[in-house]
Amino acid sequence: MTGPANDAGASDRAFALLQELLPQQLLSRGMHRLARSTRPMLRNATLRAVLSAYPQINLAEAAESDPFAYPSFNAFFTRALRPGLRPLEGGEGDLVSPVDGTLSQFGKVRDGQLLQAKGLHYTAGALLADEASARRYEGGRFACIYLALYNYHRIHMPLAGRLTATRYVPGRLFSVNAATARTVSGLYARNERVVCEFETAIGPMAVVLVGALFVGSIETVFAGEVNPPPRRGSGVRTVEAGLGTEFARGDELGRFNMGSTVVVLAGNDGLRFAESLAPGRTLRLGQFLARIE
C-alpha cells in the first residue's frame, strides 16, 4: 500500500488501513441517497450537523444564503456563488485555479510521473487511463488541488479549450485528504475519476475529477451525472456527450457531490508557476497559477 519512506506517521497508516477494510462503494451509495433526500427532517438534521462541524462555510458568498432554502443537502453542497466573487486573474493565456481548495502538489511531469507526496509518485498514464494520451503531457506541468467539505464544489475551466475526450474510470474511493495522500501509493490513479481532455491555445490540457470516500457522484455540465449509483459495468467508459464543445476560461465544467480533488495537466513545457505557490497554500477559483514565458 505504501511507497518509499515519507512523512506518513502511524496514525496515517492506520487511517489508510481502516479505509482498505471499509465497504467504500456501499458507504458512498448510502451518502448519495442521504444527500439527495428532500425529507425536511433528514435534510435539516444533516445541514445543522455540517454547519456546526464546519464553521468555515461562508454562506454570505452563496447565491442563496439560506441553507434551509435548498431542497436537499446536495443542492446546498453544490450551491452556486454570487456573481462576480471569483474574478479571473491574468490574461487569456494564463492558467488559473479551477476550484477553491488547497494546493496539494504541483510541478513538472518528469518521466511520466507526478509527485503525490514526499516519497510517493504516480504516473500520468495510470491517472488518465490512457498511455498514448499521457505522452502528450511529458515535460509539461501539473497541479493537484484538494477540496475540503467546506469549499465551493463546482469546477471551472482553468483555460479556454475544446473538449476532445471524456473517460469515466472506475476505482476505489479512498479519502483524498493529506493523511491518505502521504500513505496510499498511486492514490489519485486508484480512485474512481472522470478524465476530461481539451485542446487549448497552449496545447493539450486534462482536468481530472477524482472521486473519494462518500463522493458517490461526479457531474459534468455536458453529460450530467457521469457515475451515478448503481455502477454500470467495471471497465473504463468513454463518454461521448459534449465532444467538441468550446469552453471559455472560467466556464463551469462540473461539480463534486461531496469533497474531493482536481488534477490539472498542461502539455506545455514553457509554463511557469507563480513564485508564491507552495504545497498547502489555499487557492481560490480564478487565482493565477501559471503562464508561458
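Residues numbered from 1 in each chain as written. Predicted model: local features only at pLDDT ≥ 70, side-chain atom pairs only at ≥ 80, totals over all residues. Heavy atoms only, no water.

A. Region of the structure containing the pairing of strand β15 (residues 261-266). Of all six residues in β15, six are buried, a share of seventy percent or more. As paired strands, strand β5 (residues 141-146) and β15 are joined by six bridges and run antiparallel to one another. Directly across from Arg-141, in β15, lies its bridge partner Ala-266. Bridge analysis of strand β9 (residues 203-210) against β15 gives six bridges, and the strand direction is antiparallel. Considered in β15, the bridge of Leu-209 is made with Val-262. (Buried < 20%, exposed > 50% of the residue type's maximum accessible area, 1.4 Å probe, protein only. Helix = DSSP H or I, 4+ residues; strand = E, 2+ residues; numbered from the N terminus. Pairing = 2+ DSSP bridges.)

B. Layout of the packing of aromatic side chains. In total, this model carries eight aromatic pairs according to the counting rule given. With 5.9 Å between their ring centres and 40° between their planes, Phe-73 and Phe-77 make a pair best called tilted. One end of the pair, Phe-73, and the other, Phe-77, are both in helix α4 (residues 73-77), four residues apart, so they sit about a helical turn from each other. We classify Phe-73 as buried; its relative accessible area is 2%. Judged by its relative accessible area of 2%, Phe-77 falls in the buried class. Grouping aromatic residues by their ring pairs yields a cluster made of Tyr-70, Phe-73, Phe-76 and Phe-77. Over the ring of Phe-76 we find Arg-79; its NZ or CZ atom is 4.4 Å from the centre of that ring. (Phe/Tyr/Trp six-rings, centres within 6.5 Å; stacked < 30°, edge-to-face > 60°. Lys NZ or Arg CZ within 6 Å of the ring centre and 35° of its normal.)

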